[in-house]
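Geometric and topological summary
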Amino acid sequence: MRRIVQLAMVALALRGVCAWAVPAADRCLELRKHGAKAEAKTCFEGLTRAGDAATRAEGFWGLEQYDTANEAFRQAVAQQGSAAAVRVRWGMLLHERFNNQEADDLFNEALKIDPNNARAYLGLAIVSANEFDSKAEEYLAKTLTLDPKLTEAHELGANLLLLNAKPKEALAEADAALALSNEALEAMGVHAAADVLADRNPDAWFAKIHAVNPSDGEAYALVGAHLVLNRRYEDGVAYYRKAIAADPELWAARSQLGINLMRLGQEEEPRRLLEASYEHGQRDKPTVNSLRLLDSYKNFVTLKDDTTILRLHKNEAELLRPYFQPELHKAIATYEKKYHMKLPGPVQLEVYPDHEDFAVRTMGMPGLGALGVTFGEVVAMDSPSGRKPGDFNWGATMWHELSHVFILQATNHRVPRWFTEGLAVHEEGQAHAEWSNRLTPDILIAIRGKKLLAVANMDQGFIFPEYPSQVIVSYFQAGSICDYIQERWGDDKLLEMVHSFAALKTTPVVIEEDLKMSPAEFDKAYMAWLDKQVGERAAEFDTWRNGLKALAAIKDDETTLHTAPGIIAMYPEYVGGANAYEMLATAQSTKGDKAAAVATLAAYAKMGGENPDALMTLATWQQELGDKAGAARTLDSVNFIYPENEALHRRLGELWLAQPNSVGAVREFGAVVALKPLDTATAQYELAEAYLASGDKEKAEESVLAALEAAPGFRPAQKLLVQIKSK
Ligand SMILES: [Zn+2]
């Protein structure tokens, strides 16, 4: 699965590092660091008149004339024998101006000239950290080997450790920075952030920061960034407000304030904030794309009731509403009961048919965030129309995100990432067994390679993955840890853990206190449990893979009939592309054994198989064998996967009308109408029949009139109208 490219500048943007490349710039940067803005400006202006291009570049950079600064650096680097340090500074400018790729190139060029340039490695570490790439740690280690006294390197290390939920180690690094410089503002900011995250009073640190620079806003912004990365959006917003109050020209913080207010469901203030930031040169992707997203809101309709706010694209609102709204209510009611709590306000669900619009919501956030994302009481997710049929189950995604809404609320957003993700994955399986945690090949390979993490280190797998599939592997592991806890200790134990996390206990403490065992004992017990279930599959993975490949090459049905069951038995959870179930069912059907083919595809569906074509075929065969209720169940499951299919709704509508389930039939024929079929008259006529069966004469008449408007000579509709009138 693809990792979202992270372009947010603000998360860990280090403040202006000192200009060792051009000693003349040091004084100006010092002035700025101490809040003497006017004097700093005069100082930078002086630099712009220097004969040396690198010095001029520093001057223009300090004056925020970025294009001119960029040009001056270009000239400086073009000079023969120009130093590696100039490339590093240019790289930092580009990084600051939202171009990490070119920044990266310049740091690497610098290393070609001077392989021991610690600051070039630091640059690479900053860019990697900015993109939540685990390489950041490697580069940082290299930096510190080359120059153990580089204050900024210790500051970045402190930030990364805090982000990795290791506050103790983070503070040790921050102290290392402060031992090197008693004006290490970023290190003080990390201290403040750690205090805020742990609900301690951070005022002493802010006092120290303001003793250096009375108008410093960056430390507040840093705290805001850490809060947001810990999903504490409202608290993050409060800190971004403090940041721009202290320094109104902190455009990155102003933009982040706007973005996070959008996440909380607001529009007016974010627009003002983002436009102002953009005007002042804050043109990073999150700012630009968030403005674009605000513009696209005019294409959405908002449907409100007591407990929900549903925002759907106007082109699909009529189709999706009858499915999404009741499911949302069902999930809310289920979780209220299960978690013994009520939400303080309505849940806002936004459904984006354009994946890019949705992706804007998750920019600058670590992890997958590929299907849905929760911000407090606001949930944004993809629409099934925005993805390949079979790729995505909107129902499972909705239940997953709604679990986050409750757990974030229950813990006041103080829950480790691994636990809230694990519980959300677990809840998908509780809502529908077919939606259970999916054991994909990536996961088996990780299990075989003994790459699962210890429970105390689970967060790292989500935030700084060390191998490409570690994020999905971590989702699986976290989900199965919750499955295990529920199986061994029951539902209430999970709820007890929620409350312990709310009380700010760490994962090791929660395991000790709630499960009465050490984290190491827990890991051992969990791994043994997991091994019993999937250990054999992991060990036989290669045999299975070779077997499946051979099966796919078999041309005659007889051999397929003999071979496929063994492959399925070896790894029954595999329902992905080119799976043995579909091959076997096709062979069984060709051989005329429809009952066996139905059993095969039913087993596939039970394991979570979601290819809509295979499920539609299963429904057809079930119907042919007279199992109408089974066919209806199968078709209804496709509603969660790909509702943009006219034939699906028509067939299910007919089945339900016959059952009779007139409420279901109204929904299905309504969906046919919403899809604007070529034959409107028939669609409206069928909807009218469903309404009539459900006892809603008024609606039935409305639909039949719509049918006659489309085709005035349509006899069945004329008859139905007479029938309705005579009732
Ligand atoms: Zn999640």
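Counting restarts for each chain: residues are numbered from 1 in the order of the written sequence. Only residues with pLDDT of at least 70 get local features here, since the model is predicted, and only at 80 or more are side-chain atom pairs given and counted; chain-wide, interface and lining totals rely on the full set of residues. Calculation of side-chain values draws on the structure's entire complement of heavy atoms; hydrogens and water are dropped beforehand.

1. Thoughts on the nonpolar core
- The biggest cluster of nonpolar side chains holds 185 residues, and the ones touching the most others in it are F324, L349, L402, W418, F419, I447 and F522.
- Residues within four places of F522 in sequence aside, it is in contact with V455, I481, Y484, I485, W489, I511, L515 and M517.
- Here, nonpolar core refers to any group of buried Ala, Val, Leu, Ile, Met, Phe, Trp, Tyr and Cys residues whose side-chain atoms link them within 4.5 Å. Only protein chains enter the accessibility calculation, which uses a 1.4 Å probe; a residue is then buried when its area is under 20% of its type maximum, exposed when over 50%, and partly exposed in between. Judged by nonpolar contacts, the second largest core, of 54 residues, contains A158, V196, L227 and A253. Here, residues are in contact when the closest pair of their heavy atoms is within 4.5 Å.

2. Structural notes on helix α30 (residues 580-590)
- Starting at the N terminus, helices and strands are each numbered in turn, a helix being any DSSP run of H or I of at least four residues and a strand any DSSP run of E of at least two. All of the buried residues along α30 are A580, Y581, M583, L584, A585, A587 and Q588.
- Of the surrounding secondary structure, the elements contacted by the buried residues of α30 are α28 (541-553), α29 (557-570), α31 (594-606) and α32 (612-624).
- Pairing of N or O atoms within 3.5 Å defines a polar contact, subject to two protein rules: one partner must be a possible hydrogen donor and the other a possible acceptor, and residues neighboring in sequence count only if both atoms are side-chain atoms. Taking the backbone nitrogen of Y581 as reference, a side-chain oxygen 3.2 Å away marks N579 as the first, capping residue of α30.
- Of the residues trailing α30, G592 is marked for its positive phi of about 90 degrees.

3. A few points about the packing of helix α12 (residues 203-212) against helix α13 (residues 218-229)
- Here an angle of 0 to 180 degrees is reported between the N-to-C directions of two axes, which are lines fitted to C-alpha atoms, with helices fitted over the stretch in contact. Relative orientation of the contacting elements α12 and α13 amounts to 145 degrees, with a least axis distance of 10 Å. Contacts between α12 and α13 involve F206, I209 and H210 from the former and A219, Y220 and V223 from the latter.

4. Regarding the pattern of salt bridges
- A pair is scored as a salt bridge if a Lys or Arg side-chain nitrogen falls within 4 Å of a carboxyl oxygen belonging to Asp or Glu. One pass over the full model with this rule turns up 34 salt bridges.
- Between E421 and R231 there is a salt bridge; the shortest N-O distance is 2.6 Å. Of this pair, E421 sits in helix α21 (residues 417-431) while R231 sits in the loop between α13 and α14 (233-246); the two residues are 190 residues apart in sequence, bridging distant segments of the chain. For the pair E421 and R231, one class covers both residues: buried.
- A salt bridge links E269 to R241; the nearest nitrogen and oxygen atoms lie 2.7 Å apart. Taken together, the residues span a long stretch of sequence, with E269 in helix α16 (residues 268-279) and R241 in helix α14 at a distance of 28 residues.
- What makes R241 partly exposed here is its relative accessible area of 35%.
- Here the salt bridges do not stand alone but share partners, grouping D199, R232, D235 and R414 into one network.

5. Quick notes on the packing of aromatic side chains
- For this analysis, a ring pair means two rings from Phe, Tyr or Trp (six-membered ring only for Trp) whose centres lie within 6.5 Å, classed as stacked if their planes differ by under 30 degrees, edge-to-face if by over 60, and tilted for the remaining angles. By the definition in use, this model includes 32 aromatic pairs.
- Plain terms: the ring middles of Y297 and F300 are 6.5 Å apart, the flat faces sit at 85 degrees to each other, and that makes the pair edge-to-face.
- Overall, Y297 belongs to the buried group, its relative accessible area being 7%.
- Measuring from ring centre to ring centre gives 4.9 Å for W544 and Y574, while their planes differ by 65 degrees; the resulting arrangement is edge-to-face. Here the residue W544 occupies a position in helix α28, and Y574 occupies one in the loop between α29 and α30, the gap between them amounting to 30 residues. Each member of the pair, W544 as well as Y574, carries the same accessibility label: buried.
- Put simply, the rings of Y484, W489, F522, Y526 and W529 pair up and form one aromatic cluster.
- Charge over a ring is defined by NZ of Lys or CZ of Arg lying within 6 Å of the ring centre and within 35 degrees of the ring normal. Sitting above the plane of the F392 ring, R387 keeps its charged end 5.7 Å from the centroid.

6. Regarding the coordination of the zinc ion
- Excluding water, the donors of a metal are its N, O and S neighbours within 2.8 Å, or within 3.2 Å for Na, K and Ca, and that exclusion means sites may look incomplete. Of the protein atoms, only H400 (NE2), H404 (NE2), E421 (OE) and E421 (OE) coordinate the zinc ion, at distances of 2.0 to 2.8 Å.
- Irregular is the label for any site that misses the other tests, which are tetrahedral for four donors with all angles between 85 and 135 degrees, and square planar for four donors or octahedral for six when opposite donors exceed 155 degrees and the remaining angles lie between 65 and 115. Taken together, the four donor atoms surrounding the zinc ion define angles of 52 to 148 degrees at the centre, an arrangement classified as irregular.
- In primary sequence terms, the donor set of the zinc ion follows H-x3-H-x16-E. Taken together, the positions of H404 in helix α20 (residues 394-410) and E421 in helix α21 put the pair 17 residues apart, joining distant regions of the chain. Exposure class is identical for H404 and E421. Each is buried.

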